[in-house]
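# Residue-level structural notes
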Number of protein chains: 2
Amino acid sequence: MDSTIQDKQQPLSERIATELIAHIVQSGLQQGDKLPNEKVLCEQLNVGRSTLREAVRMLASRNILVVKHGSGIYVSDKPGLSDDPLGLAFIRDKERLVLDLVDFRLMVEPRTAALAAQKADSKQLQELKDLALEVESLIAAKKSHARADAAFHTKLGELSGNLIMPNLEPILFSSIELFAHMCTQNSREETISSHRQIVKAIESHDAIGAMDAMVMHLTLNRNSLIYFIKQVHP
Amino acid sequence: MDSTIQDKQQPLSERIATELIAHIVQSGLQQGDKLPNEKVLCEQLNVGRSTLREAVRMLASRNILVVKHGSGIYVSDKPGLSDDPLGLAFIRDKERLVLDLVDFRLMVEPRTAALAAQKADSKQLQELKDLALEVESLIAAKKSHARADAAFHTKLGELSGNLIMPNLEPILFSSIELFAHMCTQNSREETISSHRQIVKAIESHDAIGAMDAMVMHLTLNRNSLIYFIKQVHP
């Protein structure tokens, strides 16, 4: 192997990528904003085009920038948030992972639901109801509802008003997808009824009710998982 | 701008990066394991060297691979985990962010401490004590203790036995670093005494005591933050 992809601690393109991040943060560029064109960026950063392009590709790979054909370079919609922010794909013991994900969600989501019940306005509540209905119709059509289910739980995070919660979506999606892969039966009716209970509590601004409904929802999921795992390894 | 860094939806190097991830996961390569050499990888993936190199640089930028000078390509120690997995650097309202981070930690860490009290063995307990002492000596030396403090809280996550908790370290570090930036006084003594209480409860396998000590620790942090923010914006 020659030295081209060997380290030199930090390659130039990596340093330029770090400078680009600092540029975005300091200049107050927001999600979806357009960056200066390539020529201007090369001048500002004092680098050649090929280095800039490599740095931009790295940041596109990390979902910080998006390159739009014929249009330019933009800040991504959720800058810095990858499909797998915690590297869960690299955890091999999927049975333990899916249980630990439910435990993690039992820490985070009941209180999130309680905050959502206190804070949601009528527009947000309607968005939550629409997502609950989308999950129900996917279940009725026997289609995968993992993505819509994660969107429902992420919407609750958004309603809680906490800036961090919406960024947990990829983790919720991993959890729900792994769960759906293991527990194909008996969770569908339960999903519909417990989502409805959560929505109802939030509609009534019943923080404790929303928290309890979420604890029940996730505890039932955990019970299904433990039952599944016991059947596979009696 | 010409087409070189424009999308074509997914550039070849990005597709090869995705294939490399699948290769790592499927072949069961673990953190720190060495990949086949460049020539073999090019053959396996049916690509040229320059494309492979770009894909490897992308994955190094995402902390999935590490390229060691004169040695080869390795799986990173915490594959896929970046310094900023949730893109917090791009959230501009730092005062709201730091409060929301404490709220997030109030969801996650009390129960984590309780699990640690139930599960920690004597070796792990010693590691926790060592980290608590490191924080204390840094505080005594008036040096920054943010990194050591995050390591203490991450160790608690490790002791909880939950696979996900250790991966939250970058989020804990962001929280502690932002907090230290705002609340320079009055938090040092509180940090020492509440870390000691947490360690003592875990040593006694007192799950409820550990949970309560963590709630108190984080609530005091939150109070300090609210006090600081009120002084800045009276």
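Residues numbered from 1 in each chain as written. Chains lettered and ligands numbered in written order. Predicted model: local features only at pLDDT ≥ 70, side-chain atom pairs only at ≥ 80, totals over all residues. Heavy atoms only, no water.

As recorded by an unreviewed UniProt entry, chain A carries the name FadR family transcriptional regulator and is attributed to Candidatus Anaerobiospirillum merdipullorum.

### Comments concerning the pattern of salt bridges
Using the criterion set out here, one finds 24 salt bridges over all chains in the structure. Two residues, Arg 57 of chain B and Glu 54 of chain A, come together in a salt bridge whose shortest N-O distance is 2.6 Å. Of this pair, Arg 57 of chain B sits in helix α3 (residues 49-61) while Glu 54 of chain A sits in helix α3 (residues 49-61), placing the two residues on different chains. Each member of the pair, Arg 57 of chain B together with Glu 54 of chain A, is buried. The partner of Lys 123 of chain A in a salt bridge is Glu 127 of chain A, with the nearest N and O atoms 2.9 Å apart. Separated by four residues within a single helix, Lys 123 of chain A and Glu 127 of chain A lie in helix α5 (residues 122-140), roughly one turn from each other. Each of Lys 123, Glu 127, Lys 155 and Glu 158 of chain A takes part in salt bridges that share partners, so that together they form one network. (Salt bridge = Lys/Arg side-chain N within 4 Å of Asp/Glu carboxyl O. Helix = DSSP H or I, 4+ residues; strand = E, 2+ residues; numbered from the N terminus. Buried < 20%, exposed > 50% of the residue type's maximum accessible area, 1.4 Å probe, protein only.)

### Some remarks on the nonpolar core
Phe 104, Val 108 and Ile 202 of chain A together with Phe 104, Val 108 and Ile 202 of chain B are the most contacted members of the largest nonpolar core, which has 85 residues in total. Top element by residues in this core is helix α4 (residues 94-119) of chain A. It accounts for 13 residues. With sequence-adjacent residues up to four places away left out, Ile 202 of chain A is seen in contact with Ala 113, Ala 116, Ala 117, Ala 120, Leu 125, Leu 128, Leu 156 and Ala 210 of chain A. Core analysis: the next-biggest nonpolar cluster, separate from the first, contains 21 residues, Ile 21, Leu 41, Leu 52 and Leu 59 of chain A among them. (Core = buried A, V, L, I, M, F, W, Y, C linked by side-chain atoms within 4.5 Å. Contact = heavy atoms within 4.5 Å.)

### A word on empty space enclosed by the protein
Within this structure, the stated rule accounts for two cavities of 30 Å³ or more. By volume, the largest cavity amounts to about 90 Å³. Around the largest cavity, the lining residues are Phe 104, Arg 105, Val 108, Glu 109, Thr 112, His 153, Thr 154, Gly 157, Met 165, Leu 168 and Leu 172 of chain A. If you list the elements that add at least two residues to the lining of the largest cavity, you get α4 and α6 (146-159) of chain A. Its residues placed into classes, the lining of the largest cavity shows five nonpolar, four polar and two charged. Estimated volume of the second largest cavity: approximately 60 Å³. Along the walls of the second largest cavity sit Val 108, Glu 109, Thr 112, His 153, Thr 154, Gly 157, Met 165, Leu 168 and Leu 172 of chain B, which together make up its complete lining. Mapped onto the lining of the second largest cavity, the elements with two or more residues apiece are α4 (94-119) and α6 (146-159) of chain B. Looking at the lining of the second largest cavity residue by residue, the classes come out as four nonpolar, four polar and one charged. (1 Å grid on protein atoms, 1.4 Å probe; cavity = no way out; pocket = protein on both sides within 12 Å on 5 of 7 lines; lining within 4 Å. Points joined across faces, edges and corners; volume = space filled by probe spheres on them. Nonpolar A, V, L, I, M, F, W, Y, C, P; charged D, E, K, R; others polar.)

### Digging into the packing of α6 of chain B against helix α8 (residues 187-203) of chain B
All names here are of chain B. One way to put it is that α6 packs onto α8 with a least axis distance of 13 Å and a crossing angle of 20°. It follows from the interaxial angle that α6 and α8 lie roughly parallel. With respect to the hand of their crossing, α6 and α8 are arranged in left-handed fashion. Contacts between α6 and α8 involve Asp 149, Phe 152, His 153 and Leu 156 from the first element and Thr 191, His 195, Ile 198, Val 199 and Ile 202 from the second. The residue inventory of the contact of α6 with α8, partitioned by class, reads five nonpolar, three polar and one charged. (Axes fitted to C-alpha atoms, helices over the stretch in contact; angles between N-to-C directions. Parallel < 35°, antiparallel > 145°, perpendicular 65-115°, else oblique. Left-handed = near helix turned anticlockwise from the far one by under 90°.)

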